[in-house]
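# Working through the structure, step by step
Here's the letter readout for the chains.
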Amino acid sequence: MPSAPNTPAAPTGTAPGERSAPRRVVVLADSDTRWKWGVLTARRLAPEAAVDGLLLRGRATPTPRQLAEVGVAVDSLREVTTAEFLRAATTPGAYDMVVLACVGGAVQAMLHGLRRAAADGAAAAAEGAGAAAAGSGADGELSARRPVVVTGYVGVVYEKLTDGLLLRHGADLVLANSPFDAERFRVVYEGVGADAGSVAECALPFLEGTAAPAPAETGDGPFTVVFAVQPSVPAGRADRAYLLRRAVQHALRHPEREVLIKLRSKPGEHTTHIEELPYQKLARKLPGGRDGAHGGLPPNCRLVYGNMGEILDRARHTGGLLVTVSSTAALESLHRGVPTAVLTDLGVREALGNHYFTGSGCLASWDELDDGLLPEADEKWALRQGVRGGDGFAAARDRVTRLVGRAASGGLPPLAPYYTVRTAPGYLPGILRRYGLAPDGSPGAGSSAEAADGLGAAGRGAVRRVVREAARGAYRHGVQRVAPLIRKAGEL
């Protein structure tokens with residue numbers, strides 16, 4: 001049987017006056033893009049709150065350069081393990097709200113860990129002061145004095161919809177970035193018999209104010225074309241090389257334009273998605289390529305890093321254009337009123353994610369762009385996708401204040417993920433084990449081993465850093481060097 005619902009669609013049991021805005025919020029993130037989404041979401045849901053940041057150690061933990069490029073600030077920031085996060089998030093009175101800005105498996109693991117930690121805390125409170133002091137949940141279990149838990153997606157949701165949603169189920173709020181996504185999310189949850197009341201419609205947090213943009217003002221500087229590349233779309237060398245060649249050809253055909261190839265990461269860094277074939281490496285193989293940063297690119301075509309919003313503002317200021325296969329940057333571009341082209345050169349396919357933009361008016365090929373096309377977005381599509389509209393966070397903000405008030409007055413019911421050892425005995429334990437948790441959500445045996453290894457805290461930290469960097473280096477070498485060679489050999 002599916003787990004009991006943990007939050008009703010419209011919070012009940014809370015008097016109209018029992019609202020309380022979060023004062024302390026913690027964001028857990030595991031990559032640069034999720035970090036950006038998590039912090040900005042926290043700011044939109046709790047504008048007056050102090051926000052602490054925790055980076056979950058792993059393959060895609062952002063580097064200082066990536067954090068600086070994202071450009072969001074918090075009151076404190078540190079790197080943590082699963083066990084360290086759970087201790088920080090469940091310290092009594094520490095936080096009113098937790099934002100889980102992680103991949104689905106990590107969200108599921110943290111939900112089970114938080115549930116177990118809250119249950120242990122409620123049991124301890126009951127032993128110390130009687131069960132009445134801890135409160136009683138609607139399902140007969142002890143209500144816990146725990147923070148409100150929020151999660152969601154960092155951008156366009158075009159693959160693994162059901163898997164990703166069920167891994168996020170159990171949070172108090174699962175944010176949907178548009179009316180379109182909210183409808184899809186509820187259909188999935190209701191279809192498996194899970195509570196859909198946690199779905200909350202909002203908007204992408206970096207779309208500050210979602211009113212229709214004013215016409216772009218053309219300023220000084222050349223017409224700017226921003227080609228927003230993606231780490232894993234398309235995946236193949238031939239397709240990625242083709243897109244790069246077309247960007248170069250566009251620059252050669254339009255010497256009066258400036259073509260900026262916007263990169264996600266530098267070689268050796270990782271993002272949300274693994275990049276096996278960096279465009280930096282492909283650029284060096286272009287005719288006339290060299291060891292410099294821009295390979296064989298013409299003078300009006302450059303590889304660039306930096307904050308996407310600032311680069312899009314530059315394109316808008318010059319009357320420019322954004323080009324991509326399926327990056328969430330397309331939504332940010334549309335929000336700013338920048339003409340946006342979603343490429344059809346490699347087909348319109350689920351594997352590429354550009355099928356999400358059918359009906360948008362943005363589908364175009366490089367040939368059409370070479371001939372001067374500037375796509376115009378369909379306004380009805382833009383409204384349905386959350387690119388236009390009013391304050392997308394107003395309703396979610398209200399629900400958060402109700403939940404925080406309820407938590408303060410009597411505690412919240414236990415987190416209730418759809419996946420349990422009963423509903424998914426062959427799936428859930430493996431996910432939890434990956435993040436150092438036992439099947440019941442408690443820290444696994446290895447998580448406390450370092451406490452008795454004889455090393456001081458500083459010594460353990462130094463050892464962890466050395467081992468972690470070595471592991472990351474080996475992983476990057478395997479992904480970016482060894483794996484392509486193996487595939488190439490297999491094609492011979």
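The structure this text deals with has already been given above.
Now for a look at the structure at hand. Here the structure is a predicted model, which means the values were calculated and not measured.

### Remarks on the environment of Tyr158
Along the chain, the position of Tyr158 falls in the loop between β5 (148-152) and α6 (161-168). Those residues within four positions of Tyr158 in sequence are excluded, and the remaining contacts are Val233, Ser326, Glu350, Leu352, Gly353, His355 and Tyr356.

### Thoughts on helix α14 (residues 394-409)
Here α14 spans 23 Å end to end across 16 residues, near enough to the 22 Å set by a 1.5 Å rise per residue. Where α14 is concerned, the buried positions are Ala396, Arg399, Val400, Thr401, Leu403, Val404, Gly405, Arg406 and Ala407. Among the residues trailing α14, Gly411 stands out with phi positive, at a value near 90°.

### Considerations on empty space enclosed by the protein
Inspection of the entire model under this criterion finds 1 cavity of 30 Å³ or more. What the largest cavity holds in volume is close to 30 Å³. Lining the largest cavity, in full, are Gly155, Val156, Asn177, Ser178, Asp181, Leu204, Leu331, Tyr356 and Gln385. Split by residue class, the lining of the largest cavity holds 4 nonpolar, 4 polar and 1 charged.

### Describing the sheet that holds strand β7 (residues 199-201)
Taken together, the 7 strands give an open sheet; going across it, the order is β3-β2-β1-β4-β5-β6-β7, and neighbouring strands pair in parallel fashion. Across the chains shown, the open sheet's two edge strands, defined by having one partner strand only, are β3 (76-80) and β7. Strand-to-strand twist across the sheet, computed as the mean angle between neighbouring axes with direction ignored, equals 25°. Where strand β2 (residues 50-56) and β3 come together, 5 bridges link them in parallel fashion. What sits directly across from Leu55, in β3, is Glu79. Of the strands in this sheet, β4 (97-101), β5, β6 (173-176) and β7 are in contact with α14, which crosses β6 at around 175°.

### Concerning the packing of aromatic side chains
In total, this model carries 9 aromatic pairs according to the counting rule given. Between Tyr153 and Phe185, the ring centres sit 5.5 Å apart and the planes meet at 45°, which makes this aromatic pair tilted. Remark: Phe185 occurs in helix α7 (residues 179-191) and Tyr153 occurs in the loop between β5 and α6; sequence separation between them is 32 residues. Summarising the aromatic geometry, the rings of Phe227 and Tyr279 are spaced 6.4 Å apart at their centres and angled 80° between planes, so their arrangement reads as edge-to-face. Here Tyr279 lies in helix α9 (residues 279-284) and Phe227 lies in strand β8 (residues 224-228), a separation of 52 residues in the sequence.

Thresholds applied
Residues numbered from 1 in each chain as written. Predicted model: local features only at pLDDT ≥ 70, side-chain atom pairs only at ≥ 80, totals over all residues. Heavy atoms only, no water. Helix = DSSP H or I, 4+ residues; strand = E, 2+ residues; numbered from the N terminus. Contact = heavy atoms within 4.5 Å. Expected span 1.5 Å × (residues − 1). Buried < 20%, exposed > 50% of the residue type's maximum accessible area, 1.4 Å probe, protein only. 1 Å grid on protein atoms, 1.4 Å probe; cavity = no way out; pocket = protein on both sides within 12 Å on 5 of 7 lines; lining within 4 Å. Points joined across faces, edges and corners; volume = space filled by probe spheres on them. Nonpolar A, V, L, I, M, F, W, Y, C, P; charged D, E, K, R; others polar. Pairing = 2+ DSSP bridges. Axes fitted to C-alpha atoms, helices over the stretch in contact; angles between N-to-C directions. Phe/Tyr/Trp six-rings, centres within 6.5 Å; stacked < 30°, edge-to-face > 60°.

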